[in-house]
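# Chains, contacts and geometry: an overview
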Amino acid sequence: MLRAIHYYHLLFLCSSFLALILGCQINSLTKIEKLLEEGIPQEAVEKLEIIIEQDPDNPKARMLLGKGYNELGRHNEAVLQFQKASQLFASQPKNLISARLELANTYLIYGDRDSAYRILNIVQKTTSDPKVIRRIVELVGDSYTSKQLTTGVSDNYSPAFSPDGSQIAFASFRLDNGEIYIMDLNGRIHRRVTYSTDFNDNSPAFLKTPNYIFYSSEPKSTREIKLVIQSSGSTPIYAGFNITHIHSKITHPVLPISFGARVPRTAPSGDMVVYESNTDGNLELYLIDLKDLDLADYMTENIKSKRITHNETDEGSPAFFPNGNTIIFVSSRNDLNQLYTIDIDGKNERHFNPNRYDCYSPSVSPNGKQIVYMSARYGDWEIYLIDADGKNERQITSDIGRSIQPTFSPDGRYIAFVSDRSDNFHIYLMDLNKPTTREDLVKRLNL
């Protein structure tokens, strides 16, 4: 009887000890996962390698180690970890799918689309979970139906919708320098707006007064155009602003070329312009109020700009919220380009999307509920959509090449963006009312 008591007591102690070990291990993995979320992959990887050496059949640790390797650019090693995790999760369908999605994503990071598509085909055939299907769509192409608007061997960039949403103004290098053109939503060119062969005109924006376009102009230095994702205050900017009537072609300067101003964006009212400039030594944001300006007859010296930001780091790529009183912009603090918001009077500055990735070129939906922007992750430039409260981020482009410069249409139905998926940079139109279907996905995976 005494031996039986000792046996059950020993069994209880062993069970308690095992539970204690498992609990400590789970707690340790939770802390390591937080390291990865905070952008400290090297420390996370070192700890995970020790755990796996002691417990090689720990699938959770394998998954985290694969993610850590990806963060460090060690993608081949990440593949091995996700393959092993898939084997260990063989009897757990939900976790198996997660491991396979990470494996496919890793193949895509370093360009092995065949291997990625093979795995994703297996996943889509074995699940009916709409969230999983959505994730596969995000990995292999645009999340919504997109069509290419511009064609040819020249770069096209800087799309901007007209106030009624029926036209898009854009810049094109088709004549050996940047000029502004206008097309409809089917890509038919309606007119050429600028005629300045010695300058590169870009970043058009429609004004409140009908038929006037505000744009940036830079002296042409080479026969090639460089699409700048984010300017730097340490690099001198020789640019200025003009206003042109799209029919008469009459052009008036707003700020002289030497002023160093770029990336103008108009308010929803069409009578204010926010822009970036390095005129004071580093990039800052400035505002021009055009409310009382007669665009057909004004003196350049009467135009006054107001500085909005006063920081030691570069601030650029501004865009208005629908209320016209708040802007979102990019700041290069903490060695990252991140999104911030600020009122046009320079108050209420806020870090909008704290994360560990560079983010650029924000645009706010007309109802103010969503923000679209480009983010650089794992060596790729793609477009993301996020709710205005900073939640529900999702990637909406994932084609071959880079996708940049997204902008909302006035009714919020479309996003125009630029991509070099067809070798040259061209403008594409994404229809947010037409999400990619499962049938579309199957066709993509079987091409």
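Description of the structure in this document. (Residues numbered from 1 in each chain as written. Predicted model: local features only at pLDDT ≥ 70, side-chain atom pairs only at ≥ 80, totals over all residues. Heavy atoms only, no water.)

By the element assignment, Phe-206 lies in strand 6 (residues 199–206). As for Phe-206 and Asn-367, which are separated by 161 residues in sequence, their C-alpha atoms are 19 Å apart. Setting aside residues no more than four positions away along its own chain, Phe-206 makes contact with Ala-160, Phe-161, Ser-162, Pro-163, Ala-169, Ile-182, Tyr-212, Ile-213 and Thr-266. (Helix = DSSP H or I, 4+ residues; strand = E, 2+ residues; numbered from the N terminus. Contact = heavy atoms within 4.5 Å.)

Bringing the nonpolar core into the picture now. Ranked by internal contacts, the top residues of the largest apolar core, which has 40 residues, are Leu-101, Leu-120 and Ile-136. Looking at which element gives the most residues to this core, the answer is helix 5 (residues 93–109), with eight residues. The next biggest cluster of nonpolar side chains, apart from the first, holds 29 residues, and it includes Ile-168, Ile-180, Ile-404 and Val-418. (Core = buried A, V, L, I, M, F, W, Y, C linked by side-chain atoms within 4.5 Å. Buried < 20%, exposed > 50% of the residue type's maximum accessible area, 1.4 Å probe, protein only.)

Turning our attention to the packing of aromatic side chains. Within this structure, the stated rule accounts for nine aromatic pairs. Look at Tyr-275 and Tyr-286: their rings are 5.7 Å apart centre to centre, the planes differ by 20 degrees, and that puts the pair in the stacked class. Of this pair, Tyr-275 sits in strand 11 (residues 272–277) while Tyr-286 sits in strand 12 (residues 284–289), and the two are 11 residues apart along the sequence. For the pair Tyr-275 and Tyr-286, one class covers both residues: buried. These aromatic residues form a ring-pair network of at least three members: Phe-214, Phe-241, Tyr-275 and Tyr-286. Over the face of the ring belonging to Tyr-384 we find Arg-377, whose NZ or CZ atom lies 4.1 Å from the ring centre. Its guanidinium or amino end placed over the ring of Tyr-428, Arg-421 lies 4.9 Å from that ring's centre, counting from NZ or CZ. (Phe/Tyr/Trp six-rings, centres within 6.5 Å; stacked < 30°, edge-to-face > 60°. Lys NZ or Arg CZ within 6 Å of the ring centre and 35° of its normal.)

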